[in-house]
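The residues making up each chain are set out below.
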Amino acid sequence: MDISFALTGKGFVIVAADTTAARSIVKMKLDEDKIKVLSPHLLMAFSGEPGDTVQFAEYVERNIRLYQIRNTYALRPSSAASWIRRTLADSIRSRKPYAVNLLVGGYDTSTHTPSLYWVDYLGTQASVPFGAHGYGSYFALSLLDRYHNPEATLEEGLDTLRRCIDEVSKRLIVAPGKYKVKIVDKDGVREIEL
Amino acid sequence: MNMVTERYARYLAEHYNEARRYDSRTTIFSPEGRLYQIEYAMEAISHAGTVLGVLAKDGVVLAAEKKVTGKLLDLSGVKEGGYGGSGEKIFLLNSNVVTGVAGITADANSLVNYARQAAQKHLFAYNEDIPVELLAQRLCDLKQGYTQYGGLRPFGVSLLYAGYDVHYDFQLYHSDPSGNYSGWKATSIGANNGTAQSLLKQEYKDDMGVEEAIGLVLRVMSKTMDSTTLGSEKLEFATLTLDPTTKQPKARIYKPAEVDALLVEQGLAKKDEDSEMRAV
């Protein structure tokens, strides 16, 4: 039921995820954070099987942190996404695979470029200008096709995100009420209110 | 004397020879706090062929002196194929790292193999070329292990790594048998490395381009090598630059003919004795 969106713009990536934790037909919690800050310039929105999501996200978070401590510099977004994909690809070939879908957004401080990766539980990875997971993707991807601009300013990017969220609210039966939005750019990661 | 120390004294007396043999075989501290096995390994390296490295702003240059030469050595396999060089001193570790080795060649081959595997493992896990410092660290972790674990001899090899990555651009590292490594603008290992380093210190300039660095390396090499003339049978040479179109690191290990052509270009080529005689 989780919904997550992400899009790139000129020098930034916006990552958004709903904040509902539900079980069956019941909303259990309305302020769940489903976007992990993996490093000063790396974000990861996670969705999928409850339990697997948090477990896997924490596993990734700690391994990325360990790499940074051991090797003095942080993994670049492309390398981090590749490692995460590899971990999921190994996982699905194990006895108890993680069922987790991800959007990994980051700003590469060595090449000064924003990048976004769409990753699913099968170990598929794609570098994308925008991406979405969950029921929201059925509504948002066509909007993003129409309105996404890789050269957009942050305000324009947020407008496009609002369009996606509004469309989901209008058309989806089980639309979530609230979203958390995080941004990563040259200055690092920050959370904003829509 | 109590029972325990008495038994220990008897044990020592009975096993004295065995204990002494064991001491010399493992890397343990001497009473003065030194690790002789490591020092001996470094000594072995200071007799090996010189390896020189110079870091320029748009590339890195490596040169190495070959010791295994002679008229009867079959070098026909060296002229073609492979990455270039003769496979004695300079090796390609990954598409972004070239190394020059000094010391026991057999040990070096083993380390080169290990480094290539480490680089490929990194590529497999992270889908990027291994950062140069990380590769140096991987090798040093291995080398350090042999300064501690008993019964084994350390690697008798020092390496120079010439590499490129997006974190620090062009880089030059040196690592020794103890597992220490350090970054340099210009440095040298092997025989006469003291002379080479003082020459480098005098002539190195911070804003050097790769062409200038090639000249510097060959000049220093010609002064430090035992033989009076430079030629491809005594010299291995490599550069690491950025490909102008792809912006990707491009390693070039010169083939013997290319080394000779370079020496002619730099005016350091071997003089043809016959023509000299005729001129006189």
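- Under an unreviewed UniProt entry, the name given to chain B is Proteasome subunit alpha type, and the organism recorded is Fibroporia radiculosa.
- Heading Function (unreviewed entry) of the UniProt record for chain B holds this comment: "The proteasome is a multicatalytic proteinase complex which is characterized by its ability to cleave peptides with Arg, Phe, Tyr, Leu, and Glu adjacent to the leaving group at neutral or slightly basic pH. The proteasome has an ATP-dependent proteolytic activity."
- Among the UniProt annotations of chain B, the heading Subunit (unreviewed entry) holds the following wording: "The 26S proteasome consists of a 20S proteasome core and two 19S regulatory subunits."

- The name an unreviewed UniProt entry assigns to chain A is Proteasome subunit beta, from the organism Fibroporia radiculosa.
- Per UniProt, chain A carries the Function (unreviewed entry) text "Component of the proteasome, a multicatalytic proteinase complex which is characterized by its ability to cleave peptides with Arg, Phe, Tyr, Leu, and Glu adjacent to the leaving group at neutral or slightly basic pH. The proteasome has an ATP-dependent proteolytic activity."

1. Some details on the overall build of chain A
Point 1. Within chain A, the regular secondary structure consists of 4 helices and 12 strands.
Point 2. Its C-alpha radius of gyration of 16 Å places chain A within 12% of the 16 Å reference for a compact globule of 194 residues.
Point 3. Each of the three principal axes of chain A carries a C-alpha extent, and together these read 45 × 40 × 25 Å.
Point 4. A buried classification covers 49% of the 194 residues belonging to chain A.

2. Re the overall build of chain B
Point 1. The helix and strand tally for chain B stands at 8 helices and 10 strands.
Point 2. Per-residue burial for chain B yields a buried fraction of 46% across its 280 residues.
Point 3. Long-range contacts, defined here as pairs at least 24 residues apart, represent 65% of the contacts in chain B between residues at least 6 apart.
Point 4. For chain B, the computed accessible surface area is about 15,000 Å², with 53% contributed by carbon and sulfur atoms.

3. Overview of the packing of aromatic side chains
Point 1. If you walk through the whole model with that rule in mind, you get 11 aromatic pairs over all chains.
Point 2. Taken together, a centroid distance of 5.2 Å and an interplanar angle of 75 degrees make the contact between Tyr146(B) and Phe155(B) edge-to-face.
Point 3. Accessibility expressed as a relative area gives 25% for Tyr146(B), which makes it partly exposed.
Point 4. Taking NZ or CZ as reference, Arg86(A) lies 3.7 Å from the ring centre of Phe124(B), over its face.
Point 5. Over the ring of Tyr147(A) we find Arg163(A), and its NZ or CZ is 3.7 Å from the ring centre.

4. A few points about the pairing of strand β6 (residues 42-48) of chain A
Residues and elements named next belong to chain A.
Point 1. For β6, the tally of buried residues reaches 6 of 7 residues, placing the bulk of the element in the interior.
Point 2. Note that strand β5 (residues 35-39) and β6 share 4 bridges and pair antiparallel. Each bridged residue has a counterpart across the sheet, and for Lys 36 the counterpart in β6 is Met 44.
Point 3. Counted along the chain from β5 to the antiparallel partner β6, the turn is 2 residues long.
Point 4. With 7 bridges joining them, β6 and strand β7 (residues 100-108) adopt antiparallel strand pairing. If you follow Leu 43 over to β7, its bridge partner there is Gly 105.

5. A short note on the sheet that holds strand β1 (residues 51-56) of chain B
Residues and elements named next belong to chain B.
Point 1. Read from one edge of the open sheet, 5 strands run β8-β1-β2-β9-β10, paired in antiparallel fashion. The open sheet is flanked by β8 (186-189) and β10 (249-253), the only strands paired with a single partner. Neighbour to neighbour, the strand axes of the sheet diverge by 10 degrees on average, direction disregarded.
Point 2. Sheet analysis places β1 next to β8, joined by 4 bridges and oriented antiparallel.

6. Looking at the sheet that holds strand β10 (residues 130-133) of chain A
Residues and elements named next belong to chain A.
Point 1. Here 5 strands make up an open sheet; going across it, the order is β10-β1-β2-β11-β12 and the pairing antiparallel. Unpaired on one side and paired on the other, β10 and β12 (188-192) mark the two borders of the sheet. Adjacent strand axes in the sheet meet at a mean angle of 15 degrees when their direction is disregarded.
Point 2. Taken together, the 4 bridges between strand β1 (residues 4-9) and β10 define a ladder with antiparallel strand orientation. Across the sheet, Phe 5 pairs through a bridge with Ala 132, a residue of β10.
Point 3. Its contacts with the sheet put helix α3 (residues 136-147) on β1 and β10, and the angle it makes with β10 is roughly 170 degrees.
Point 4. Strands β1, β2 (12-18), β11 (179-185) and β12 of the sheet are contacted by helix α4 (residues 154-171), whose axis makes an angle of about 155 degrees with β1.

Reading the values: the criteria
Residues numbered from 1 in each chain as written. Chains lettered and ligands numbered in written order. Predicted model: local features only at pLDDT ≥ 70, side-chain atom pairs only at ≥ 80, totals over all residues. Heavy atoms only, no water. UniProt positions renumbered as here; feature names shortened; annotations may be inferred. Helix = DSSP H or I, 4+ residues; strand = E, 2+ residues; numbered from the N terminus. Rg over C-alpha atoms; globule rule 2.2 N^0.38 Å. Buried < 20%, exposed > 50% of the residue type's maximum accessible area, 1.4 Å probe, protein only. Contact = heavy atoms within 4.5 Å. Areas by Shrake-Rupley, 256 points an atom, 1.4 Å probe, with all protein chains shown as cover. Phe/Tyr/Trp six-rings, centres within 6.5 Å; stacked < 30°, edge-to-face > 60°. Lys NZ or Arg CZ within 6 Å of the ring centre and 35° of its normal. Pairing = 2+ DSSP bridges. Axes fitted to C-alpha atoms, helices over the stretch in contact; angles between N-to-C directions.

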